[in-house]
Amino acid sequence: MRRLAPALLIELVVTAAAGGQSAPGFDSIDHYMAAELRRDRIPGVSVAVLRGDSVVLARGFGYANVELRVPASDSTVYQSGSVGKQFTAAAVVMLAEQGRLSLDDPITRYLPEGPAGWGRITIRHLLTHTSGIGDYTDSTLDVRRDYTEDDMVRLAARQALEFAPGDRWSYSNTGYVLLGVIIHRVGGEFYGDFLQEHVFRPLGMRTTRIISEADIIPNRAAGYRLVGDTLKNQEWVSPSLNTTADGALYFTVRDLAQWAIALNHWRVPSRAGLEAIWTPVRLNTWGTYPYGFGWRITQQRGLRRIGHSGAWQGFETTIQRYPDFDLTVIVLDNLAESTPETMAMSIAGILEPRLVPPHLMEPLSSGPRPPQAIDQLLADIASGAATARLAPGLAAFLTTDQRARIGRELKRAASWTFVGCDAVEGRGITRLGTQVTRICYTKGQGATPNSLVTVLYGADWRAAGIESYSF
């Protein structure tokens, strides 16, 4: 792939395919998306916005395939990445509702070849990333080798547990791979076939399916990555690794809109099932962590946000739901270095001023400030010197690796600008056992991409949680 010429870049960002026209007042979203494609050199993006059950925007920007100059549209098919985890979770909960398994069953009931330590791990631990099983992406997995389901179980079984089940939260694709195997062993059919029969077909998700490099799939997008300033095709992985339950689906924004409508009506798996799915996990100690079953249970400017993002093979995806506004934003694109969750947050802020994400806010000249600058707090955390300024749950939760990552993020930014704080007392936001009363923000600038760091504080100004995203 040759480096993109300036003329082609201009054409990429102004091309918007038919199949979903902007509603009145949505011009600002079009302008925002065009600017994002131009700035981040994203080949193509498809966006859907729902107000309740109404799809008020569904369209594409740029190209689904750069080499063939195929425009992106609301019918473009993208790989899911980890957005697919919420469907795996729904399938597991459906099996539980049918009485075919219990979420509190030890996984060795279905994976008897696992080591003795797995006897303390439940299906619920896998769903919530609290099992202690490490992430296979950090192991010796060979992405060019084909693995059977039994191979994947054996690969996971060779890893030592990173912590006692339920003690901590640590994202694990491996856990969701194992859930797919459990679905197969309990239900007697491949998890993708189970989803097709019980979720996709009943909900009218006509193009959603398991990834296949061999099948002819109309409107399939190509995935890309940037190497320096040159656009390249995605890297190849073995076909079997594109069928695992940690995120190996194809979506269009129209199909995900159908999914969002079903969620509005508590259809899949059920109201009780979804309430469990959207409940933050409770750790053995230090309270709750903002993750349910395949969904992050978080906030934006102190207002509820339920969503998940994914990344795989040159694709980046997100679905974000704002229950207080009856709003859902879906963004799917085909560049590994893009930030669709930030785009979704920004679109939500365009539509609802109370949701304007902090990276788009002007720094506040007045109002409360934390007693210590956030960047200095981060520096102290990275060095291990900030224990007194942390709530007990966060102090116990931070690992050496997490402190090191905070240190690396600090070094990437040339300067930090305090943005302001939101008062959230009384909104029921808790983090690791602490009631959150203020949420404060700082921008780290000077590197690409820039960073926005959020700190959640208790009433005593001790930090209860730290989050960050790129913009």
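As the structure is a computational prediction, the values presented were derived from the model and not from experiment.

With respect to the overall build of the protein
Right, so step 1: Of the regular secondary structure elements, the protein holds 13 helices and 20 strands.
Right, so step 2: Taken along the three principal axes of its C-alpha coordinates, the protein extends 60 × 60 × 40 Å.
Right, so step 3: Relative to its full complement of 471 residues, the protein shows a buried share of 58%.
Right, so step 4: At a minimum sequence separation of 6, the contacts of the protein that also span at least 24 residues come to 66%.
Right, so step 5: Of the roughly 18900 Å² of accessible surface on the protein, 50% is carried by carbon and sulfur atoms.
Right, so step 6: Taken together, the 47 basic and 47 acidic charged side chains of the protein have centroids lying 3 Å from each other.

As for the pairing of strand 6 (residues 224-227)
Right, so step 1: The sheet contact formed by strand 6 and strand 7 (residues 230-233) spans 4 bridges and is antiparallel. Paired with Tyr224 across the bridge in strand 7 is Asn233.
Right, so step 2: In textbook terms, the turn of a hairpin is the stretch between consecutive antiparallel strands, and for strand 6 and strand 7 this stretch comprises 2 residues, one of which, Gly228, has a positive phi near 65 degrees.

Considerations on the packing of helix 3 (residues 85-97) against helix 6 (residues 173-187)
Right, so step 1: Direction vectors running N to C along helix 3 and helix 6 enclose 40 degrees, while the axes themselves pass 10 Å from each other. Relative to helix 6, helix 3 is oriented oblique. Between helix 3 and helix 6 lies a crossing whose hand is left-handed. Counting all contacts with helix 3, which are made through Lys85, Thr88, Ala89, Ala91, Val92 and Leu95, the residues of helix 6 involved are Asn173, Tyr176, Leu179, Ile183 and Val186.
Right, so step 2: Classifying every residue of the contact of helix 3 with helix 6 by side-chain character gives 8 nonpolar, 2 polar and 1 charged.

Examining unusual backbone geometry
Right, so step 1: In this structure, the amide linkage connecting Val268 to the following residue, Pro269, adopts the cis form with an omega of 0 degrees.
Right, so step 2: A positive phi angle, near 60 degrees, is found at Arg41, a position not held by glycine.
Right, so step 3: The phi dihedral of Gln313 falls on the positive side, at around 55 degrees, and the residue is not glycine.
Right, so step 4: Structurally, the position occupied by Gln313 is in the loop between strand 12 (303-312) and strand 13 (315-322).
Right, so step 5: The class of Gln313 is buried, set by a relative accessible area of 10%.

Quick word on the sheet that holds strand 8 (residues 249-251)
Right, so step 1: The strand order 4-8-5 describes an open sheet built from 3 strands, whose pairing is antiparallel. In this open sheet, the two strands that pair with only one neighbour each are strand 4 (78-79) and strand 5 (209-210).
Right, so step 2: For strand 5 and strand 8, the ladder comprises 2 bridges, and the chain directions are antiparallel. Residue pairing in the sheet places Arg209 in a bridge with Tyr250 of strand 8.

With respect to the pattern of salt bridges
Right, so step 1: Under the definition given, this model contains 19 salt bridges.
Right, so step 2: The residue Glu275 makes a salt bridge to Arg271 at a minimum N-O spacing of 3.4 Å. Taken together, the positions of Glu275 and Arg271, both in helix 9 (residues 271-277) and 4 residues apart, correspond to about one turn of that helix.
Right, so step 3: The residue Arg431 makes a salt bridge to Glu467 at a minimum N-O spacing of 3.1 Å. Of this pair, Arg431 sits in strand 16 (residues 430-431) while Glu467 sits in strand 20 (residues 463-470), placing them 36 residues apart in sequence.
Right, so step 4: For Arg431, a relative accessible area of 6% corresponds to the buried category.
Right, so step 5: With relative accessibility at 22%, the residue Glu467 sits in the partly exposed group.
Right, so step 6: Taken together, the shared-partner salt bridges connect Glu36, Arg39 and Asp40 into one network.

Examining the sheet that holds strand 11 (residues 296-300)
Right, so step 1: Strand order in this open sheet of 7 strands is 3-2-1-14-13-12-11, and the pairing throughout is antiparallel. Across the chains shown, the open sheet's two edge strands, defined by having one partner strand only, are strand 3 (70-71) and strand 11.
Right, so step 2: Here 7 bridges tie strand 13 to strand 14 (residues 327-333), and the two strands are oriented antiparallel to one another. For Ile319, the partnering residue across the bridge sits in strand 14 and is Ile330.

Details of the packing of aromatic side chains
Right, so step 1: Tallying each qualifying case throughout the model produces 12 aromatic pairs.
Right, so step 2: Consider the rings of Trp169 and Tyr171, whose centres lie 6.2 Å apart with planes at 55 degrees: the pair is tilted.
Right, so step 3: On the basis of an interplanar angle of 45 degrees and a centroid distance of 5.6 Å, the ring pair of Trp169 and Tyr291 is categorised as tilted. With Trp169 in the loop between helix 5 (149-157) and helix 6 and Tyr291 in the loop between strand 10 (288-289) and strand 11, the pair connects residues that are 122 residues apart, well separated along the chain. Both residues of the pair, Trp169 and Tyr291, count as buried.
Right, so step 4: An aromatic cluster of at least three residues, connected via ring pairs, comprises Trp169, Tyr171, Tyr289, Tyr291 and Phe397.
Right, so step 5: In this structure, Lys85 packs its charged tip against the face of Tyr176, placed 5.7 Å from the ring centre.
Right, so step 6: The ring of Trp266 is capped by Arg271, whose NZ or CZ atom sits 4.2 Å from the centre of that ring.

Digging into the nonpolar core
Right, so step 1: Among the nonpolar cores identified, the biggest contains 72 residues, and Phe87, Ile123 and Trp259 are the most heavily contacted of them.
Right, so step 2: Ignoring anything within four residues of it in the chain, the contact list for Ile123 reads Val92, Leu101, Ser102, Leu103, Asp105, Ile107, Tyr110, Leu179 and Ile182.
Right, so step 3: In terms of nonpolar packing, the next biggest core, distinct from the first, is built from 41 residues, Phe26, Ala344, Ile347 and Tyr469 among them.

As for helix 2 (residues 27-40)
Right, so step 1: If you check helix 2, its first and last C-alpha atoms are 20 Å apart, about what 14 residues at 1.5 Å a residue would give, namely 20 Å.
Right, so step 2: All of the buried residues along helix 2 are Ile29, Asp30, Tyr32, Met33, Ala34, Glu36, Leu37 and Asp40.
Right, so step 3: The first or second residue beyond helix 2 is Arg41, which carries a positive phi of 60 degrees.

Brief notes about the confidence of the model for the protein
Right, so step 1: Looking at the protein as a whole, the pLDDT averages 93, with 94% of positions reaching at least 70.
Right, so step 2: Across residues 1-22 the pLDDT falls below 50, and counting only partners more than four positions away or on other chains, this stretch makes 55 contacts in the model.

Rules used throughout
Residues numbered from 1 in each chain as written. Predicted model: local features only at pLDDT ≥ 70, side-chain atom pairs only at ≥ 80, totals over all residues. Heavy atoms only, no water. Helix = DSSP H or I, 4+ residues; strand = E, 2+ residues; numbered from the N terminus. Buried < 20%, exposed > 50% of the residue type's maximum accessible area, 1.4 Å probe, protein only. Contact = heavy atoms within 4.5 Å. Areas by Shrake-Rupley, 256 points an atom, 1.4 Å probe, with all protein chains shown as cover. Lys, Arg positive; Asp, Glu negative; His and termini not counted. Charge placed at Lys NZ, Arg CZ, Asp CG, Glu CD. Pairing = 2+ DSSP bridges. Axes fitted to C-alpha atoms, helices over the stretch in contact; angles between N-to-C directions. Parallel < 35°, antiparallel > 145°, perpendicular 65-115°, else oblique. Left-handed = near helix turned anticlockwise from the far one by under 90°. Nonpolar A, V, L, I, M, F, W, Y, C, P; charged D, E, K, R; others polar. Salt bridge = Lys/Arg side-chain N within 4 Å of Asp/Glu carboxyl O. Phe/Tyr/Trp six-rings, centres within 6.5 Å; stacked < 30°, edge-to-face > 60°. Lys NZ or Arg CZ within 6 Å of the ring centre and 35° of its normal. Core = buried A, V, L, I, M, F, W, Y, C linked by side-chain atoms within 4.5 Å. Expected span 1.5 Å × (residues − 1). pLDDT = per-residue confidence, 0-100.

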